[in-house]
There are 2 protein chains.
Amino acid sequence: MAKQTAKKADLSTEEKIKDAARKVFTQKGYAATRTRDIAEEAGINLALLNYYFRSKEKLFEIVILEKMQILLGKIGPTIMDERTSIEQKVEQIAEHYIDTLVANPDIPLFVLGEIRNNPDKFANLVRTKTKIVDSAFFKQLAERRPDIDPLHFILNMLGLIIFPFIGKPLLQLITGIKPERAVTLMKERKTWIKTWFLAMLEAN
Amino acid sequence: MAKQTAKKADLSTEEKIKDAARKVFTQKGYAATRTRDIAEEAGINLALLNYYFRSKEKLFEIVILEKMQILLGKIGPTIMDERTSIEQKVEQIAEHYIDTLVANPDIPLFVLGEIRNNPDKFANLVRTKTKIVDSAFFKQLAERRPDIDPLHFILNMLGLIIFPFIGKPLLQLITGIKPERAVTLMKERKTWIKTWFLAMLEAN
DNA sequence: AAATTTTTTAATCATTTGATTAAAATTTTA
DNA sequence: TAAAATTTTAATCAAATGATTAAAAAATTT
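Residues numbered from 1 in each chain as written. Chains lettered and ligands numbered in written order. Predicted model: local features only at pLDDT ≥ 70, side-chain atom pairs only at ≥ 80, totals over all residues. Heavy atoms only, no water.

Some details on the interface of chain A and chain B
The figure often quoted for interface size is the accessible area lost as the parts come together.
Moving on, step 1. Taken together, the contact pairs 58 residues of chain A with 58 residues of chain B.
Moving on, step 2. Of the roughly 5,200 Å² buried between chain A and chain B, counting both surfaces, carbon and sulfur atoms make up 76%.
Moving on, step 3. Looking only at chain A, the three residues that lose the most surface to chain B are Arg 116, Phe 163 and Leu 173 of chain A, adding up to 14% of its buried area.
Moving on, step 4. Between the two partners, chain A and chain B, sit two salt bridges.
Moving on, step 5. Note that Asp 149 of chain A is salt-bridged to Arg 181 of chain B, the shortest N-O span being 2.4 Å.
Moving on, step 6. Applying the counting rule to chain A against chain B returns eleven residue pairs in polar contact (both at pLDDT 80 or more). (Contact = heavy atoms within 4.5 Å. Buried area = accessible area lost by both parts, 1.4 Å probe. Salt bridge = Lys/Arg side-chain N within 4 Å of Asp/Glu carboxyl O. Polar contact = N/O pair within 3.5 Å; in protein donor to acceptor, adjacent residues only side chain to side chain.)

Rendered as structure tokens:
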């Protein structure tokens, strides 16, 4: 008992496996992940993974549903809110997502990559269909800029927020920027994105 | 001879394999790709893949180097050009990349995903190190907005251009947008991105 | 056209990988 | 504390997968 690997000593076996699965799956993706990697990372016997979760696939589903919830959970309620302005919505979304993604930088590439590899699988899962285009945000944008498809501004906002996290490995490769500097940069963006978004909204 | 699968009838075996490899690797990533998938897509015997390219790994390297060149090749020369303005650079880059990505929409997610899975492997490959931060573009941005790190604007530009292609599977999932509509949307952005970028550059 | 070289195929290998099993160890219940 | 239930382990399986081999087929050279 005195020489557990600290961090995971107190967690239940099931939680140790889930933690390890979260880490390995999000870092490498489903296909590149070996169940043995997860077992080793969790410090447990491989058979336990199947004992608790039946299969790699089942464990994966638990993890990716969590991650999709993190990535998509906040956006729905925020853009549906009739009482907040465009400005407030953008501010809320930018703040929330940058904080979330600084803590979970691997999520976007992970989720988008898995959706690419298996679009059908998530088709039913995202029952948000036609939700965004009926949202208050959408209507507000259309009213402000009747000449531009509101989808453009949705894409702009998400691009400004999410892309830096997706592009970070490349950015580090081509600029040699340090990880801490990258985090600082992301946090700086929290305040700027609202300003930039509003500027784009007025642009001609 | 009269009943080849048309398209590939005239290509050499080597090219048929490369074509198939480009398609399967970029769509599913290295780990999720089976050499048998490539052989089948190419309409050749599996052993031929190894006969011509030695291994899955070797064939993959050929493909990803091509794709990285497509993704990164244009940006270097453009941002280094001392004689063009910020506006011209952004216009050139937006036009070029959106055309390129409409024709090759899978590239960004593919390349960024593989870099994530194997950062070390591409470390030496991207010898652009310290190039961007010494570029004319960087200096011009720093001069125009001394109060904001030029990297922010690089990220903004790339986010506006590239993110829609990375996020397309998700966008289609949550909006039900048709693929053709998505392409139209991307092309519309070609003209707007310069405007939006300049607006962000002036924003306060 | 015979000989040589190149290309292609079918069969097979060795390793990896997800999963199972039966037994051992541990914990909980009675 | 004995019995029962739960958890863990080591060994092993079957299928998938990257790769090789030896022989056949086709193309090229002499």
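A word on the domain arrangement of chain A
Residues and elements named next belong to chain A.
Moving on, step 1. Parsing chain A into structural domains produces domain 1 (11-63) and domain 2 (73-202).
Moving on, step 2. A straight line from the C-alpha centre of domain 1 to that of domain 2 covers 29 Å.
Moving on, step 3. Regarding the contact of domain 1 and domain 2, the summed buried area is about 560 Å², with carbon and sulfur atoms giving 62% of it.
Moving on, step 4. Inspection of the domain 1/domain 2 interface yields two salt bridges.
Moving on, step 5. Note that Lys 121 is salt-bridged to Glu 61, the shortest N-O span being 3.6 Å. (Domains from an automatic or database assignment.)

Examining the UniProt feature "transmembrane region" (unreviewed entry) in chain A
Moving on, step 1. Following the UniProt record, the feature "transmembrane region" (unreviewed entry) maps to residues 151-171 of chain A here.
Moving on, step 2. Between the first and last C-alpha atoms of residues 151-171 of chain A the distance is 27 Å; the span itself is 100% helix and 0% strand. (UniProt positions renumbered as here; feature names shortened; annotations may be inferred. Helix = DSSP H or I, 4+ residues; strand = E, 2+ residues; numbered from the N terminus.)

Comments concerning the side chain of Lys 18 of chain B
Moving on, step 1. As for its position among the elements, Lys 18 of chain B is in helix H1 (residues 13-28).
Moving on, step 2. Leaving out residues up to four positions away in the same chain, Lys 18 of chain B has contacts with Phe 53, Leu 59, Ile 62 and Glu 66 of chain B.

Overview of the packing of helix H1 (residues 13-28) of chain A against helix H3 (residues 46-53) of chain A
All names here are of chain A.
Moving on, step 1. H3 packs onto H1 with a crossing angle of 105° between their chain directions and a minimal axis gap of 10 Å. Overall, the two elements H1 and H3 adopt an arrangement that is roughly perpendicular. On H3, the residues that touch Thr 13, Glu 14, Ile 17 and Lys 18 of H1 are Leu 48, Leu 49, Tyr 52 and Phe 53.
Moving on, step 2. For the contact of H1 with H3, the residue count by class is five nonpolar, one polar and two charged. (Axes fitted to C-alpha atoms, helices over the stretch in contact; angles between N-to-C directions. Parallel < 35°, antiparallel > 145°, perpendicular 65-115°, else oblique. Nonpolar A, V, L, I, M, F, W, Y, C, P; charged D, E, K, R; others polar.)

A word on the protein's contact with DNA strand D
Moving on, step 1. Taken together, the neighbourhood of DNA strand D is formed by 16 residues, with Tyr 52 of chain A together with Arg 34, Thr 35, Arg 36 and Lys 56 of chain B sitting nearest.
Moving on, step 2. Sugar and phosphate atoms form 58% of the subset of DNA strand D atoms that lie within 4 Å of the protein.
Moving on, step 3. Contact distances for DNA strand D include 2.6 Å between a phosphate oxygen and a side-chain N or O atom of Arg 34 of chain B.
Moving on, step 4. Of all the elements in the fold, those that place two or more residues in the surface near DNA strand D are H3 of chain A together with helix H2 (35-42) and helix H3 (46-53) of chain B.
Moving on, step 5. The biggest single contributor to the surface near DNA strand D is H3 of chain A, with four residues.
Moving on, step 6. In terms of residue class, the surface near DNA strand D is made up of six nonpolar, six polar and four charged. (Near = heavy atom within 4 Å.)

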